[in-house]
Amino acid sequence: SKKTAKVDGWDTQVYEASTTLQATRHWMVNTKYNVKGNFAGYLGAADSLVHSLDTRTSISPGAQPSKDIEKDGKAEKPTKMTAQVWLARDFPLQMAELLPMLELLGKHHPKWGKVEKHMRQFVDDGTFPIKTQIPIMWTVKALMTIKSVQRGEACTADLPNDYFDTPSDYRVVSAEEKHQANRRA
């Protein structure tokens, strides 16, 4: 049975994709010790070694539930993350019109490439994603809803050759320069 919902007056089919994430702890030693001398020197080096241990937590997708990971004396449970998309039929836009933008994003961000690959399966359905909910972090989700669409008339005017040229008084600024300018503001 397919899940359906009404979004802004449109009948939609709801699709979900889920994964399980779990934190894993790794112990790392930051320093190498070369112990020379007597047993007391060895004990002193061992004590220093214990204080130099670094705990790192990594997140792995599709992790199997485990109770080995403890935080503050409690076992951490895996977190399920779910993305959803609401597809409407007979929407004024078609999936084929969205795919070039997703393809462009996918060339620079691999995750968008996966979205484009997944959405390609709906091209022939005559559906369009009017609402999406995508997990950004464990507790934050991005929600996008298309409320209305109005198609403009096609531009048939002859545009000058320099219409899309960058104005001469613009200059290229590095991300670091922009960041520093924002800090000063």
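Structure report, in brief.

What to know about the overall build of the protein
And step 1. Along the backbone of the protein there are four helices and eight strands.
And step 2. In sequence order, the protein lays out its α and β elements as β-β-α-β-β-β-β-α-α-β-β-α.
And step 3. Burial status across the protein gives 19% buried among its 185 residues.
And step 4. Contacts in the protein between residues at least 24 apart in sequence constitute 71% of all its contacts with a sequence separation of at least 6.
And step 5. When the accessible surface of the protein is totalled, it reaches about 14,900 Å², and 53% of it is carbon and sulfur.

Quick notes on the pattern of salt bridges
Two side chains carrying opposite charge are able to pair once their charged atoms lie near each other.
And step 1. Scanning the entire structure with this criterion turns up five salt bridges.
And step 2. When the shortest N-O distance is used, the salt bridge between Asp8 and Lys147 registers 3.6 Å. Taken together, the residues span a long stretch of sequence, with Asp8 in the loop between strand E1 (3–7) and strand E2 (10–29) and Lys147 in the loop between strand E8 (141–145) and helix H4 (175–184) at a distance of 139 residues.
And step 3. For Asp8, a relative accessible area of 42% puts it in the partly exposed group.
And step 4. The exposed category is assigned to Lys147, whose relative accessible area is 61%.

Some points on a nonpolar patch on the surface
And step 1. Taken together, the side chains of Met101, Leu105, Trp112, Ile134, Ile136, Met137 and Val140 present a nonpolar region at the surface, about 600 Å² in accessible area.
And step 2. With respect to the helices and strands, Trp112 occurs in helix H3 (residues 110–119).
And step 3. Residue Trp112 is classed as partly exposed on the basis of its relative accessible area, which comes to 33%.

Cut-offs applied
Residues numbered from 1 in each chain as written. Predicted model: local features only at pLDDT ≥ 70, side-chain atom pairs only at ≥ 80, totals over all residues. Heavy atoms only, no water. Helix = DSSP H or I, 4+ residues; strand = E, 2+ residues; numbered from the N terminus. Buried < 20%, exposed > 50% of the residue type's maximum accessible area, 1.4 Å probe, protein only. Contact = heavy atoms within 4.5 Å. Areas by Shrake-Rupley, 256 points an atom, 1.4 Å probe, with all protein chains shown as cover. Salt bridge = Lys/Arg side-chain N within 4 Å of Asp/Glu carboxyl O. Patch = residues over 30% accessible without salt bridge, like charges linked within 9 Å, V, L, I, M, F, W, Y side chains within 5 Å.

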